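Chain by chain, the residues:
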Amino acid sequence: MDLSQNEWAAMRQSKEETILLDVRTIEEYNQGHIPNAQLIDIQNPQFFLDELELLNPSKTYLVYCRSGARSSKACILMKNKGIENCFNLLGGINQWNGEIVT
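Position numbers for residues start from 1 in each chain and track the written sequence from start to end. Totals for whole chains, interfaces and linings use every residue, but because this is a predicted model, local features are given only for residues with pLDDT of at least 70 and side-chain atom pairs only at 80 or more, for both listing and counting. Hydrogens are left out, water is left out, and the side-chain values use all remaining heavy atoms of the structure.

Chemist: It is not clear to me how the nonpolar core should be interpreted in this structure. Could you clarify?
Modeler: It is characteristic of soluble globular proteins that their nonpolar side chains tend to be buried jointly. Definition of nonpolar core: a set of buried residues of the types Ala, Val, Leu, Ile, Met, Phe, Trp, Tyr and Cys, connected through side-chain atoms within 4.5 Å. Throughout this description, buried means an accessible area under 20% of the type-specific maximum (1.4 Å probe, protein chains only), exposed means over 50%, and partly exposed covers the range between. Leu 21, Val 23, Phe 48, Leu 55, Tyr 61, Val 63 and Met 78 are the most contacted members of the largest nonpolar core, which has 15 residues in total. Under the DSSP-based scheme used, a helix requires at least four consecutive residues in state H or I and a strand at least two consecutive residues in state E, with every element numbered from the N terminus. Every element with two or more residues in this core is listed here: helix H3 (45-54), strand E4 (60-64) and helix H4 (69-80). Considering every element that reaches this core, the biggest residue donor is H4, with three residues. Residues are treated as being in contact if the distance between any of their heavy atoms lies within 4.5 Å. Not counting the four nearest positions on each side in its chain, Val 23 is found in contact with Ile 40, Asp 41, Ile 42, Phe 48, Val 63, Tyr 64, Cys 65, Arg 70, Ser 71 and Ala 74. Listed in part, the 13 residues of the second largest apolar core include Trp 8, Ala 37, Phe 87 and Leu 89.

Written as structure tokens, this is what we have:
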């Protein structure tokens with residue numbers, strides 16, 4: 001499910017068990033990421049699928065990339081693995097108004 005920047009930020013604040021997933025490359029992540037985000041590079045397909053196996057399907061995942069395209073694909077793959085509560089950040093980190101750490 002796609003969420004606007006405000007909806008995504010509100011969900012991040014309201015749920016204690018929310019996990020942030022950054023699905024960009026390590027280079028992009030190192031240039032700046034949302035605090036406490038876990039990196040799982042979707043452009044490394046086998047690594048990405050292996051990491052999905054380690055995720056707890058009962059948790060809520062907020063997923064982002066640079067523009068929202070890769071994270072949208074990531075959410076589809078996650079749902080196929082039985083992770084129902086995953087939400088894509090529309091516009092990605094490019095549109096993010098919150099804190100970014102480098």
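Chemist: Can you walk me through the sheet that holds strand E5 (residues 86-89) in this structure?
Modeler: Backbone hydrogen bonds hold the strands of a sheet together, and the pairing may be parallel or antiparallel. Spatially, E1-E5-E4-E2-E3 is the arrangement adopted by the five strands of the open sheet, whose pairing is parallel. Each of the sheet's edge strands pairs with one partner strand only, and the pair in question is strand E1 (2-3) and strand E3 (38-39). Every axis in this analysis is a line fitted to C-alpha atoms, fitted for helices over the stretch in contact. Angles between the N-to-C directions lie between 0 and 180 degrees. The sheet strands contacting helix H1 (residues 5-14) are E1, strand E2 (18-22), E4 and E5, and the helix crosses E4 at an angle near 140°. Packed on one face of the sheet, H4 meets E1, E2, E4 and E5 and runs near 170° to E5. Here the rule is simple: two strands pair whenever DSSP picks up at least two bridges between them.

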